[in-house]
Amino acid sequence: MWLSDQQSALRVLTAEIGVGLVSGGIFFLFVGVVLFFDATLLALGNVLFVAGIAMLIGPQRTLTFFARKQKIRGTLCFFTGMALVFLRLTFLGILVETVGFLNLFGDFFPVILNFLRQVPGLGPLLSMPVVGTVMDRLAGVRRSAV
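These numbers were taken from a predicted model, which means no experiment stands behind them.

Rules of the game
Residues numbered from 1 in each chain as written. Predicted model: local features only at pLDDT ≥ 70, side-chain atom pairs only at ≥ 80, totals over all residues. Heavy atoms only, no water. Helix = DSSP H or I, 4+ residues; strand = E, 2+ residues; numbered from the N terminus. Expected span 1.5 Å × (residues − 1). Buried < 20%, exposed > 50% of the residue type's maximum accessible area, 1.4 Å probe, protein only. Salt bridge = Lys/Arg side-chain N within 4 Å of Asp/Glu carboxyl O. UniProt positions renumbered as here; feature names shortened; annotations may be inferred. Arc of directions from axis to C-beta. Contact = heavy atoms within 4.5 Å. 1 Å grid on protein atoms, 1.4 Å probe; cavity = no way out; pocket = protein on both sides within 12 Å on 5 of 7 lines; lining within 4 Å. Points joined across faces, edges and corners; volume = space filled by probe spheres on them. Nonpolar A, V, L, I, M, F, W, Y, C, P; charged D, E, K, R; others polar. Phe/Tyr/Trp six-rings, centres within 6.5 Å; stacked < 30°, edge-to-face > 60°.

Undergrad: Pulling in residues and values, what's your account of unusual backbone geometry?
TA: Positive phi values are uncommon outside glycine, yet F36 reaches one of about 60°. For F36, the location among the structural elements is in the loop between α1 (5–34) and α2 (39–57).

Structure follows, in structure tokens:
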């Protein structure tokens, strides 16, 4: 199916807004943690992050992503942590949310690591023997000894 110029421009605009929302969400989450778990900033960061994910991949795919059977534990932890943050139990909420985040998005870490190894200034640093081994272990990458 071919897209008109207006439809493709709308998709690009939606993706740009989604990236902005996710970035804003991560920023507010970071600032909320730095400012001793400020509940308002953490709640705002959570809302922006989830809205940005929905804008990036679409509402239907977002629901499908969070409803996958193999990721249900991560989904429950993530949204329970969000609810705890909204109830102003911020430290406990962030801990539960982090567990859920790692369960949901943990399989992206090897992909992110491979992308970062392609970045010109950062790639050689991440490919050094000691640093590369540590980063592989953190990302859960398994290398076969050849």
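Undergrad: Let's hear about α1: which residues, and what values?
TA: An ideal rise of 1.5 Å per residue puts 44 Å on 30 residues; α1 measures up with 43 Å between its terminal C-alpha atoms. When we look at burial in α1, the residues that qualify are G18, V22, G24, G25, L29 and G32. A positive phi of about 60° marks F36, the residue just after α1.

Undergrad: Summarise the pattern of salt bridges; cite the residues concerned and give the values.
TA: Applying the stated criterion across every chain, the model contains 1 salt bridge. Close ionic contact of D136 with R117 constitutes a salt bridge, the shortest N to O distance being 2.9 Å. Taken together, the positions of D136 in helix α8 (residues 129–139) and R117 in helix α6 (residues 109–118) put the pair 19 residues apart, joining distant regions of the chain. Residue classification places D136 among the buried positions, given a relative accessible area of 6%. Accessibility expressed as a relative area gives 14% for R117, which makes it buried.

Undergrad: Outline the UniProt feature "transmembrane region" (unreviewed entry) in the chain, listing residues and values.
TA: UniProt annotation of "transmembrane region" (unreviewed entry) refers to residues 12–37, 43–63, 75–95 and 115–135 when read in the numbering used here. Counted over residues 12–37, helix gives 88% and strand 0%. Its end C-alpha atoms are 34 Å apart. Overall, residues 75–95 shows 86% helix and 0% strand. The separation of its end C-alpha atoms is 14 Å.

Undergrad: Report on α8, specifying residues and quantitative values.
TA: Of all the residues in α8, the buried ones are G132, D136 and A139. Angularly, the buried residues of α8 cover 70° about the axis, an arc narrow enough to put them on a single face. Summarising the geometry of α8, the exposed residues directed more than 90 degrees from the buried face are V130, R137 and L138. Those residues of α8 that are buried lie in contact with α6 and α7 (123–126).

Undergrad: Requested: an account of the layout of surface pockets, with residues and values cited.
TA: Each pocket or cavity is described by its volume, and for the largest pocket that value is around 340 Å³. Mapped onto the lining of the largest pocket, the elements with two or more residues apiece are α1, α2, α5 (90–105) and α6. With 4 residues, α2 is the largest single contributor of residues to the lining of the largest pocket. Taken together, the residues of the lining of the largest pocket break down into 12 nonpolar, no polar and no charged. Every residue lining the second largest pocket is listed: I26, L29, F30, V33, N46, F49, F78, I94, E97, T98 and F101. Elements represented by at least two residues in the lining of the second largest pocket include exactly α1, α2 and α5. The class makeup of the residues in the lining of the second largest pocket is 8 nonpolar, 2 polar and 1 charged.

Undergrad: Can you lay out the packing of aromatic side chains for me, pointing to particular residues and giving the numbers?
TA: Going through the model one piece at a time under the given rule, you end up with 11 aromatic pairs. Summarising the aromatic geometry, the rings of F49 and F105 are spaced 6.1 Å apart at their centres and angled 85° between planes, so their arrangement reads as edge-to-face. With F49 in helix α2 and F105 in helix α5, this pair connects stretches of sequence that are 56 residues apart. The class of F49 is buried, set by a relative accessible area of 8%. Between the aromatic rings of F65 and F66, the centroid separation amounts to 5.3 Å while the plane-to-plane angle is 75°, which identifies the pairing as edge-to-face. Given the relative accessible area of 12%, F65 is considered buried. Linked through ring pairs, F49, F65, F66, F78, F79, F101 and F105 together constitute an aromatic cluster.

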